Amino acid sequence: MLKKVRIQIITDRCEIKGSLFETPTGQYLPVQDIAPEEESQHLELMMEGSYRDDGSCVTISYRESELTGMQGSTTTIFFHKNTPGLISMVRNGTARTALVFEKDKRHLCVYETPVMPFEVAVQTRHVHNTLEKAGKLYLDYTVELRGANAEHTRFYLTLLPAFDKPLS
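The structure reproduced in this document is the subject of the present report. (Residues numbered from 1 in each chain as written. Predicted model: local features only at pLDDT ≥ 70, side-chain atom pairs only at ≥ 80, totals over all residues. Heavy atoms only, no water.)

1. Notes on the sheet that holds strand 5 (residues 86-92)
Moving on, step 1. With antiparallel pairing, the ten strands of this closed barrel are ordered in space as 1-2-3-4-5-6-7-8-9-10. Recorded for the sheet is a direction-independent mean angle of 25° between the axes of neighbouring strands.
Moving on, step 2. In terms of strand pairing, strand 8 (residues 117-130) meets strand 9 (residues 136-145) through ten bridges, oriented antiparallel. Bridging across to strand 9, His126 finds its partner in Asp140. (Pairing = 2+ DSSP bridges. Helix = DSSP H or I, 4+ residues; strand = E, 2+ residues; numbered from the N terminus. Axes fitted to C-alpha atoms, helices over the stretch in contact; angles between N-to-C directions.)

2. Comments concerning a nonpolar patch on the surface
Moving on, step 1. Taken together, the side chains of Val115, Met116, Phe118 and Leu145 make up a nonpolar region of the molecular surface, amounting to roughly 360 Å² of accessible area.
Moving on, step 2. The topology assignment puts Val115 in the loop between strand 7 (106-112) and strand 8.
Moving on, step 3. With a relative accessible area of 74%, Val115 lands in the exposed category. (Patch = residues over 30% accessible without salt bridge, like charges linked within 9 Å, V, L, I, M, F, W, Y side chains within 5 Å. Areas by Shrake-Rupley, 256 points an atom, 1.4 Å probe, with all protein chains shown as cover. Salt bridge = Lys/Arg side-chain N within 4 Å of Asp/Glu carboxyl O. Buried < 20%, exposed > 50% of the residue type's maximum accessible area, 1.4 Å probe, protein only.)

3. Remarks on the pairing of strand 10 (residues 150-161)
Moving on, step 1. The pairing of strand 1 (residues 2-16) with strand 10 spans twelve bridges and is antiparallel. The partner of Arg6 across the bridge, within strand 10, is Leu160.
Moving on, step 2. Sheet analysis places strand 9 next to strand 10, joined by eight bridges and oriented antiparallel. Note that in strand 10 the partner of Leu139 across the bridge is Phe155.
Moving on, step 3. Connecting strand 9 to the antiparallel partner strand 10 that follows it, the hairpin turn spans four residues, and Gly147 within it adopts a positive phi of roughly 95°.

4. Quick look at the packing of aromatic side chains
Moving on, step 1. This structure, assessed with the given rule, holds two aromatic pairs.
Moving on, step 2. Between Tyr138 and Tyr156 the ring centres are 4.9 Å apart and the planes differ by 35°, which places this aromatic pair in the tilted class. A residue pair is termed long-range when its members are at least 10 positions apart, and Tyr138 in strand 9 and Tyr156 in strand 10 qualify at 18 residues.
Moving on, step 3. The class for Tyr138 is buried, based on a relative accessible area of 17%.
Moving on, step 4. Positioned above the aromatic ring of Tyr51 is the side chain of Lys3, whose terminal nitrogen or guanidinium carbon lies 5.4 Å from the ring centre.
Moving on, step 5. Directly above the ring of Phe21 sits Arg146, whose terminal nitrogen or CZ lies 3.9 Å from the centroid. (Phe/Tyr/Trp six-rings, centres within 6.5 Å; stacked < 30°, edge-to-face > 60°. Lys NZ or Arg CZ within 6 Å of the ring centre and 35° of its normal.)

Encoded structure:
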């Protein structure tokens, strides 16, 4: 089943001290609640995308906008129905990456830019995936490009009907 959807994404991000690359496996970097407004970034986006359920895998795709700084890229979020707590996010365009989110796990990934590739660490605190039943996905994670400051992110995705638009 393939259908057109509207996708609402809300993110709250803030830089945190420490390095995922230097923190022992199984330990989290200390984070507080999202930092005060002046230290955090709050972003709300609404875009059109597609939702596909092939019976074993659910896939959501959308084009990034200027607001995200990734204009011209396409983001695809997917999971296998037998492992709904293991979420993959793939971005293709001028910069490419594949991130993996799994509760209480740290995954090393690669972020490819036109200049050079960077190693990325993603450590997920929480995954709440009700995309199939309620159209919602919540991720709470820390991400760090090697050599840059780590960021704590809370990511909320909600699927909404696409006003009966035909799928193009």
